[in-house]
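# Structural overview for review
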Amino acid sequence: MRVLGIETSCDETAVSLIEADGTFGVDFAFKQLGNALYSQAKLHEQYGGVFPNLAKREHAKNLVLLLTQALQQAGELHETPVSLPEEVKTQLEALLSREPELFEQLMVFIAAYGRPVIDCIAVTHGPGLEPCLWVGVNFAKALSLLWNLPIVAVNHMEGHIMLSLMEGTKLSPFEFPLLALLISGGHTELVLSKEFGQYEVVGKTRDDAAGEAFDKVARLLGLPYPGGPEISRVATTARNHHLEKKFALPRPMIHEDNLDFSFSGLKTAVRKIVEAHPDMSMDEKAAFAREFEDAVADVLIEKTIRAIDSFGANTIVVGGGVSANAHVREQLKRALEDEGNPAKLLIPPPDLATDNALMIALAGYFRASKKEFANPSDLVANGNLKLC
Ligand code: KG4
Ligand code: ZN
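Residues numbered from 1 in each chain as written. Chains lettered and ligands numbered in written order. Predicted model: local features only at pLDDT ≥ 70, side-chain atom pairs only at ≥ 80, totals over all residues. Heavy atoms only, no water.

Listed as protein donors to the zinc ion (ligand 2) are His156 (NE2), His160 (NE2) and Asp355 (OD); their distances from the metal cover 2.1 to 2.2 Å. Here the donor residues of the zinc ion (ligand 2) share one chain and are spaced in sequence as H-x3-H-x194-D. Here His160, found in helix α6 (residues 156-164), pairs with Asp355, found in the loop between α12 (350-353) and α13 (358-369); they are 195 residues apart in sequence, far enough to count as distant. Both residues of the pair, His160 and Asp355, count as buried. (Donors = N, O, S within 2.8 Å, 3.2 Å for Na, K, Ca; no water. Helix = DSSP H or I, 4+ residues; strand = E, 2+ residues; numbered from the N terminus. Buried < 20%, exposed > 50% of the residue type's maximum accessible area, 1.4 Å probe, protein only.)

Okay, here's the thing in structure tokens:
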């Protein structure tokens, strides 16, 4: 089955085409036929975070180009256009009435290229920034109408989990129960899964997400957006050069008897220290960034280990942008080893940890195999979509 994945939940616009076979088990295998991604991070840098209306416009501006690139890589860009009946054109225009630029570009595409060989369209419909999600959802509806294809509505967080479960082009052999630590710009959650497609959120942040904390603290330290990779870079320098730590930060909620997190106090503590020491040197800032990274990693790992123990998890999956963080990855691995815990740890390679459309196509494939298609007229974007 060939699945076209579309991702527009935040500031990455992405389109991916995969060919997959088999069930959710050892017989599963996939091939990535085409993959195109445009990160808007540079554009949002001036705002110190994602500016939703700008992100929405950029998604609308780039989707057709990314679709073209992904299809070209897949050898599915056929210069054999079919003429579009006037009534279909009217329907497409109505579907994309809020994205007129996307409609215009799609018309140009349709005039040049024919139908690719695809079996279904998988699109992120939540969680994320709702105006952004709508662009992807409306685009999926338009392509579904145009090419007469079913749509699968994908939960972005399930996408992160599915991608983390891959080992090359196959599913990594693993056993339920599975515990997922999902750490991104919008989420920090511990999710328990006892079978495919069934989830229970057993812990979550009560305020800021881990990635959000990285981004905000980076801004306080004068580092560019997105802050996660920047904090990680300077913290690594501080570790390698044994830069002395001048300021200590709390480990919020680490000793509380629950699986929840809180990161906003950590950000406030950083702000107070930065304000009290306006002339911090670069080395001091680097050592401080390290202390912040240590604090976040300490609480993430403590609660994850506690969750693994209390639910007897056999597999740990880490997903979301913050799972690209080398320190978090290493510390979690070490903590499991120190405990002699035999649970299998699965983390995607750093370049696949952040948002992409491959993860949406993969999650979409497993849902499509179970014929879980959406009715296009009922399909809506839901910024607060939950995993359940
Ligand atoms: O999953 P993702 O790409 O988008 C969301 O769904 O939010 O995650 C983006 C987040 C940003 O907050 C970014 O700063 C953080 O992931 N991030 C990192 C690293 N790389 C990305 N945080 C810490 N260390 C990193 N190396
Ligand atoms: Zn994400």
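Okay, the site of ligand 1 next. Close to ligand 1 lie 18 residues, the nearest being Gly185, Asp215, Gly321, Asn325 and Asp355. One of the side-chain nitrogen or oxygen atoms of His160 is found 3.4 Å away from an oxygen atom of ligand 1. Between ligand 1 and Gly321, the relevant distance is 2.9 Å, taken from an oxygen atom to a main-chain nitrogen or oxygen of the residue. Against a free-state accessible area of 560 Å², the protein chains account for coverage of 90% of ligand 1. Elements that contribute at least two residues to the shell around ligand 1 include exactly α6, α7 (210-220) and α8 (227-240). Looking at the shell around ligand 1 element by element, the count peaks at three residues for α7. A class-by-class count of the residues in the shell around ligand 1 yields five nonpolar, eleven polar and two charged. In terms of domain composition, the shell around ligand 1 takes at least three residues from each of domain 1 (2-160 + 355-368) and domain 2 (176-313 + 321-352). (Near = heavy atom within 4 Å. Polar contact = N/O pair within 3.5 Å; in protein donor to acceptor, adjacent residues only side chain to side chain. Areas by Shrake-Rupley, 256 points an atom, 1.4 Å probe, with all protein chains shown as cover. Nonpolar A, V, L, I, M, F, W, Y, C, P; charged D, E, K, R; others polar. Domains from an automatic or database assignment.)

All right, on to the sheet that holds strand β8 (residues 178-183) then. Here five strands make up an open sheet; going across it, the order is β10-β9-β8-β11-β12 and the pairing mixed. At either margin of the open sheet sits one strand with a lone partner, and together these are β10 (198-204) and β12 (344-346). Strand-to-strand twist of the sheet, defined as the mean angle between neighbouring strand axes without regard to direction, takes the value 20°. Each of β8, β9 (188-195), β10 and β11 (315-319) touches helix α10 (residues 282-311); the most contacted strand, β8, lies at about 160° to it. (Pairing = 2+ DSSP bridges. Axes fitted to C-alpha atoms, helices over the stretch in contact; angles between N-to-C directions. Contact = heavy atoms within 4.5 Å.)

The subject of this paragraph is the pairing of β8. Regular strands have side chains that alternate between both faces of the sheet. Of all six residues in β8, six are buried; the element is thus mostly enclosed. From the end of β8 to the start of β9, which pair antiparallel, there are four residues. Pairing of β8 with β11 involves five bridges; the strand directions are parallel. Within β11, the residue paired with Leu179 across the bridge is Ile316.

For the rest of this paragraph, the subject is empty space enclosed by the protein. Applying the stated rule across the entire model yields one cavity of 30 Å³ or more. Of the volumes computed, that of the largest cavity is approximately 40 Å³. Every residue along the wall of the largest cavity is listed here: Phe24, Ile161, Met162, Leu165, Phe176, Leu178, Ser193, Glu195, Phe196, Gly197 and Tyr199. Elements supplying a minimum of two residues to the lining of the largest cavity: α6 and β9. A class-by-class count of the residues in the lining of the largest cavity yields eight nonpolar, two polar and one charged. (1 Å grid on protein atoms, 1.4 Å probe; cavity = no way out; pocket = protein on both sides within 12 Å on 5 of 7 lines; lining within 4 Å. Points joined across faces, edges and corners; volume = space filled by probe spheres on them.)

Turning our eyes to something else, we now look at the side chain of Ser184. Note that Ser184 resides in the loop between β8 and β9. Overall, Ser184 belongs to the buried group, its relative accessible area being 9%. Polar contacts involving the side chain of Ser184 include one to the main-chain amide nitrogen of Gly186, which spans 3.3 Å. Once residues within four sequence positions are removed from consideration, Ser184 is found in contact with Met157, Ala209, Ala210, Gly211, Glu212, Gly320, Gly321 and Val322.

Here we come to the side chain of His327. Mapped onto the secondary structure, His327 falls in helix α11 (residues 326-339). On the basis of relative accessible area, His327 is assigned to the buried category, the value being 10%. Apart from residues lying up to four places away in sequence, His327 is in contact with Arg239, Glu293, Asp294 and Ala297.

Bringing the pairing of β10 into the picture now. The sheet contact formed by β9 and β10 spans five bridges and is antiparallel. Across the sheet, Glu189 pairs through a bridge with Lys204, a residue of β10. Here β9 hands over to β10 after two residues, with Gly197 in that stretch at a positive phi of 80°.

On to the layout of surface pockets. Roughly 1,300 Å³ of volume is contained in the largest pocket. Considering the residues around the largest pocket, the lining is formed by 48 residues, among which Cys10, Ser184, Gly185, Gly186 and His187 are closest to the centre. For the lining of the largest pocket, the elements supplying multiple residues, two or more each, are α6, β9, β10, α7 and α8. Looking at the lining of the largest pocket, the element that brings in the most residues is α7, giving six residues. Of the residues in the lining of the largest pocket, the class split is 16 nonpolar, 22 polar and ten charged. A domain split of the lining of the largest pocket shows at least three residues from each of domain 1 (2-160 + 355-368) and domain 2 (176-313 + 321-352).

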